[in-house]
Amino acid sequence: KSPKLSTYHFETTACIVGCNNPAFENWIHNNCVNISCGELFLEGFGSLKLIIDNTEYYKIPYFEKKRISAAYSRSEFEEFIKDSINQGYYVAFNNVDDFYVENKTWYGRRHFLHDGLIVGYDKEKYYIAAYDSVWVHRVFETSQKAFFEGVDAAPELEKYSNLTSLKVIDETINLNIY
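Residues numbered from 1 in each chain as written. Predicted model: local features only at pLDDT ≥ 70, side-chain atom pairs only at ≥ 80, totals over all residues. Heavy atoms only, no water.

A. Looking closely at the side chain of Ser-143. Inspection of the secondary structure puts Ser-143 in strand 7 (residues 137–143). Polar contacts involving the side chain of Ser-143 include one to the main-chain amide nitrogen of Ala-146, which spans 2.9 Å. Each residue touching Ser-143, except ones within four places of it in the same chain, is listed here: Glu-102, Glu-124 and Lys-125. (Helix = DSSP H or I, 4+ residues; strand = E, 2+ residues; numbered from the N terminus. Polar contact = N/O pair within 3.5 Å; in protein donor to acceptor, adjacent residues only side chain to side chain. Contact = heavy atoms within 4.5 Å.)

B. Expanded view of the nonpolar core. Counting 20 residues, the largest nonpolar core has Trp-27, Ile-60, Phe-63 and Leu-117 as the members making the most contacts within it. Ranked by the residues each element gives to this core, the list is headed by helix 1 (residues 9–18), at 4 residues. Beyond its immediate stretch of four places on either side in the chain, Trp-27 contacts Cys-32, Asn-54, Lys-59, Ile-60, Pro-61, Tyr-62 and Ile-173. Membership of the second largest hydrophobic core comes to 19 residues, among which are Ile-68, Ala-70, Val-101 and Phe-148. (Core = buried A, V, L, I, M, F, W, Y, C linked by side-chain atoms within 4.5 Å. Buried < 20%, exposed > 50% of the residue type's maximum accessible area, 1.4 Å probe, protein only.)

C. View of the pairing of strand 5 (residues 113–121). Pairing between strand 4 (residues 90–97) and strand 5: 5 bridges, direction antiparallel. Each bridged residue has a counterpart across the sheet, and for Phe-93 the counterpart in strand 5 is Gly-116. Summarising the sheet, strand 5 and strand 6 (residues 125–131) pair through 4 bridges and their orientation is antiparallel. Each bridged residue has a counterpart across the sheet, and for Tyr-121 the counterpart in strand 6 is Tyr-126. A loop of 3 residues connects strand 5 with strand 6, the two strands running antiparallel in sequence. (Pairing = 2+ DSSP bridges.)

D. Focus on the confidence of the model for the chain. Per-residue pLDDT for the chain averages 85, and the proportion of residues at 70 or more is 93%. At the low end of the mean pLDDT range in the chain sits strand 2 (residues 49–52), at 73; at the high end sits helix 5 (residues 144–153), at 96. (pLDDT = per-residue confidence, 0-100.)

E. Quick look at the environment of Leu-48. Following the sequence through the fold, Leu-48 ends up in the loop between helix 3 (39–42) and strand 2. A residue is classified by how much of its surface remains accessible, and Leu-48, at 47% relative accessible area, is partly exposed. Excluding residues within four positions of it along the chain, Leu-48 makes contact with Ile-35, Ser-36, Cys-37 and Phe-41.

F. Spatial organisation of a nonpolar patch on the surface. Judged by side-chain polarity, Ile-35, Phe-41, Leu-42, Leu-48, Leu-50 and Ile-52 come together as a nonpolar surface patch covering roughly 600 Å² of accessible area. For the nonpolar patch, the secondary-structure elements that each account for two or more residues are helix 3 and strand 2. By the element assignment, Ile-52 lies in strand 2. (Patch = residues over 30% accessible without salt bridge, like charges linked within 9 Å, V, L, I, M, F, W, Y side chains within 5 Å. Areas by Shrake-Rupley, 256 points an atom, 1.4 Å probe, with all protein chains shown as cover. Salt bridge = Lys/Arg side-chain N within 4 Å of Asp/Glu carboxyl O.)

G. Structural detail: the sheet that holds strand 5. If you trace the 6 strands from one edge of the open sheet to the other, you get 3-8-4-5-6-7, paired in antiparallel fashion. Here the strands that pair on one side only, and so sit at the sheet edges, are strand 3 (63–69) and strand 7. Going from strand to strand, the sheet's axes swing by 30° on average, the running direction of each strand aside. Where strand 6 meets strand 7, 7 bridges bridge the pair, whose relative direction is antiparallel. Pairing of Tyr-127 across the sheet is with Glu-141, part of strand 7. (Axes fitted to C-alpha atoms, helices over the stretch in contact; angles between N-to-C directions.)

This is the structure:
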C-alpha cells in the first residue's frame, strides 16, 4: 500500500507498515500531527502551521519489532529477512550504502549510508520501498547481491547495518480530538 504521508524514509516506513491497520491513521492524528498558530493568526493574519513529527517506526508502540545487526553473519542476516517477510513482517534497514544498491537514490554516484524498507523478495531480488535514483518514493527491485554489497560497505564507513522486522499489532486505536 502507499503510505498516508511520505517525507523521509524513516517516516514513510512507519506509514507503509501502519497502513495494514485502519486505526493507525488515528494514531498518527493523536500523536504526530500538531496544528499551531501565532498571535498574528488570532488577529486575522497568517495561517495555521501543520507539523508532523514523531513518526519514526521505533517510536510507535503499535508495531511488533525484532532487530538484528550486521555484526551477525551474512547468512543470519539473509535468513532474518526471508523469515520475517514469510511471517508477514516488513523489514526496515539502516546504514546500508546507497552507492551499491541498484535503483536507490545515490546508486553508483555517492557513498551514503541510508535506510529503506524491504517489502518482498524472490530468489535473486529484494523489493524495496525507498527513494529511487530520480528521487521518487516507490517500490523498486534490487539484486540481493547489490544489497549485501551495501551492507558489507557500512563498516568501512564506521557503522554496521541493522534490520528491524515490523508488523502492526492488531489493536483498535481511537481518535482523540482533545
